[in-house]
Amino acid sequence: MTEHEAQPTAERDRAHEEAGQDQPHTAAGEQPAPQEDGAQVSTDGTPAAAAEAAIPELVIISGMSGAGRSTAAKCLEDLGWFVVDNLPPALIPTMVELGARSQGNVARIAVVVDVRGRRFFDNLRESLADLDTRGVTRRIVFLESSDDALVRRFESVRRPHPLQGDGRIVDGIAAERHLLRELRGDADLVIDTSSLNVHELRAKMDAQFAGEEEPELRATVMSFGFKYGLPVDADLVADMRFLPNPHWVPELRPYTGLNEEVAAYVFNQPGAKEFLDRYAELLRLIAAGYRREGKRYVTIAIGCTGGKHRSVAMSEKLAARLAAEGVETVIVHRDMGRE
């Protein structure tokens, strides 16, 4: 028995009353009232906002200029990461804090740090130590390449190395290696891109960060009218002008391919259903190849004369097929209503 428990009941009651004079009284089962500054308090005494905040996962991408940092960042962006390019290292903890306040909307952050921000580079180690004290799960991805490969890449794009100054490309590469040597030693993942192409680098990033799920493919199915021109952003184009045009059916002319009667007319024509089945099968083959090659977005354009009847009806059916197979699909009717 403690000394406090040994106190007489009346004395303990008086002590409790004195200690609780400044505290609001709550009945059993009631939630504590908000504090004067408006902050809510959770049951364990911590601010509710802090209790709900989830610290986002963090990846820092760095390495040699020309080694593929931008490709690695784009890969993570396609995998759903929030990517910030060339963020000063001193602002990394602030970015993580903002992500924690997003109520789970920003759960994974990737930051590209390179010698373009060399004035701030000395702050990186301090920022990393700050993240460690906050318990942030962070990984450093370092991309490197041989001097020969880097020289070829800079010469092919006819751009100087960021650190070469008045010297040669090799001078800039040597200065950058010296600057980054400690960071490379701290890296969790080092990828040598000397003999890798863009697709192979993306495959390596996918293997590390995509998890067990296959990278997602997103498709835009766009109907259009040939008389208004081909969509400039189309990856694949299919022509529905081999089907009879509902425009020449007076009772169907005012409507679009979204109308049930128009869609029924289109798909009752010879070859319409067969085209849908075989084109959907072809897209499954193409989609698998796109995923292997690291392509995450595809625009499928379906055209007819005016973009009002046949292309609209076929686009709707095709998009439904893709969505049923797990492809994130958006439908755009570019020219519908334009006539």
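Here's what I pulled together on the structure shown here. (Residues numbered from 1 in each chain as written. Predicted model: local features only at pLDDT ≥ 70, side-chain atom pairs only at ≥ 80, totals over all residues. Heavy atoms only, no water.)

Moving on, we get to the overall build of the protein chain. Along its length, the protein chain carries eleven helices and nine strands. Evaluated residue by residue, the protein chain yields a buried proportion of 40% over its 339 residues. Accessible surface for the protein chain amounts to roughly 19700 Å². Of this, 49% is attributable to carbon and sulfur atoms. (Helix = DSSP H or I, 4+ residues; strand = E, 2+ residues; numbered from the N terminus. Buried < 20%, exposed > 50% of the residue type's maximum accessible area, 1.4 Å probe, protein only. Areas by Shrake-Rupley, 256 points an atom, 1.4 Å probe, with all protein chains shown as cover.)

Let us now look at the sheet that holds strand β9 (residues 328–333). Taken in spatial order, the four strands make up an open sheet running β7-β8-β6-β9, and their pairing is parallel. Looking at the sheet topology across the chains shown, the edges are occupied by β7 (236–239) and β9. Going across the sheet, the axis of each strand differs from the next one's by a mean of 20 degrees, ignoring polarity. With eight bridges joining them, strand β6 (residues 218–225) and strand β8 (residues 297–304) adopt parallel strand pairing. What sits directly across from Met-222, in β8, is Ala-301. Along the sheet, helix α10 (residues 272–292) contacts β7 and β8; its crossing angle with β7, the most-contacted strand, is approximately 175 degrees. (Pairing = 2+ DSSP bridges. Axes fitted to C-alpha atoms, helices over the stretch in contact; angles between N-to-C directions. Contact = heavy atoms within 4.5 Å.)

A word on the packing of helix α3 (residues 69–78) against helix α8 (residues 198–209). Their axes nearest at 9 Å, the elements α3 and α8 cross at an angle of 50 degrees. Taken together, the axes of α3 and α8 are oblique relative to one another. As for how α3 packs across α8, the hand of that crossing is right-handed. Contacts from Thr-71, Ala-72, Lys-74, Cys-75, Leu-76 and Asp-78 in α3 reach Val-198, Leu-201, Arg-202, Met-205, Asp-206 and Phe-209 in α8. (Parallel < 35°, antiparallel > 145°, perpendicular 65-115°, else oblique. Left-handed = near helix turned anticlockwise from the far one by under 90°.)

The subject of this paragraph is α10. The terminal C-alpha atoms of α10 lie 30 Å apart, and with 21 residues this matches the ideal 30 Å at 1.5 Å per residue to within 8%. Taken as a whole, α10 has its buried residues at Ala-272, Phe-275, Leu-276, Tyr-279, Ala-280, Leu-283, Ala-287, Gly-289, Tyr-290 and Arg-291. Contacts made by the buried residues of α10 are with β7, α9 (260–267), β8 and α11 (310–324). (Expected span 1.5 Å × (residues − 1).)

Here five strands make up an open sheet; going across it, the order is β2-β3-β1-β4-β5 and the pairing parallel. Because the sheet does not close on itself, it has two edges, and the strands there are β2 (82–85) and β5 (189–192). Averaged over all pairs of adjacent strands, the angle between strand axes in this sheet comes to 20 degrees, irrespective of strand direction. Pairing of strand β1 (residues 57–63) with strand β4 (residues 138–144), which is carried by six bridges, proceeds in the parallel orientation.

As a further point, take the packing of α10 against α11. If you want to describe how two helices pack, look at the angle between their axes and the distance between the axes. Their axes nearest at 10 Å, the elements α10 and α11 cross at an angle of 40 degrees. Between α10 and α11, the angle falls in the class oblique. Regarding α10 and α11, the two cross each other, and that crossing is right-handed. Along the contact surface, α10 presents Ala-272, Phe-275, Leu-276, Asp-277, Tyr-279, Ala-280 and Leu-283, while α11 presents Met-314, Lys-317, Leu-318, Arg-321 and Leu-322. Taken together, the residues of the contact of α10 with α11 break down into nine nonpolar, no polar and three charged. (Nonpolar A, V, L, I, M, F, W, Y, C, P; charged D, E, K, R; others polar.)

Bringing the pattern of salt bridges into the picture now. Considering all chains together, one arrives at 14 salt bridges under this definition. Between Arg-69 and Glu-176 there is a salt bridge, with its nearest N and O atoms 3.9 Å apart. A residue pair is termed long-range when its members are at least 10 positions apart, and Arg-69 in helix α3 and Glu-176 in helix α7 (residues 169–186) qualify at 107 residues. Note on Glu-176: relative accessible area 0%, which makes it buried. Between Arg-338 and Asp-335 there is a salt bridge, with its nearest N and O atoms 3.0 Å apart. For Asp-335, a relative accessible area of 0% translates into the label buried. Members of the salt-bridge network, linked through shared partners, are Arg-334, Asp-335 and Arg-338. (Salt bridge = Lys/Arg side-chain N within 4 Å of Asp/Glu carboxyl O.)

Let us look at the nonpolar core. Across soluble globular proteins, nonpolar side chains show a tendency to be buried alongside one another. Judged by nonpolar contacts, the single largest core of 46 residues is most densely connected at Leu-58, Leu-76, Ile-92, Met-205 and Phe-209. Apart from residues no more than four positions distant in its own chain, Ile-92 is found in contact with Leu-58, Ile-60, Leu-87, Val-111, Val-113, Leu-124 and Leu-131. By size, the runner-up hydrophobic cluster in this structure holds 31 residues, among which are Leu-236, Leu-283, Ala-287 and Ile-300. (Core = buried A, V, L, I, M, F, W, Y, C linked by side-chain atoms within 4.5 Å.)

Moving on, we get to the pairing of strand β3 (residues 108–112). Each regular strand shows side chains that alternate between the opposite faces of the sheet. In terms of burial, β3 is a largely internal element, four of the five residues being buried. In this structure, β1 lies alongside β3, joined through five bridges in parallel fashion. When the sheet's bridge partners are listed, Ile-60 is paired in β3 with Val-111. Note: β2 against β3, four bridges, orientation parallel. Across the sheet, residue Val-84 finds its bridge partner in β3, namely Val-111. Each parallel crossover has a hand, and the one from β2 via helix α4 (residues 92–100) to β3 is right-handed. (Right-handed = clockwise from strand over helix to strand, strands pointing away.)

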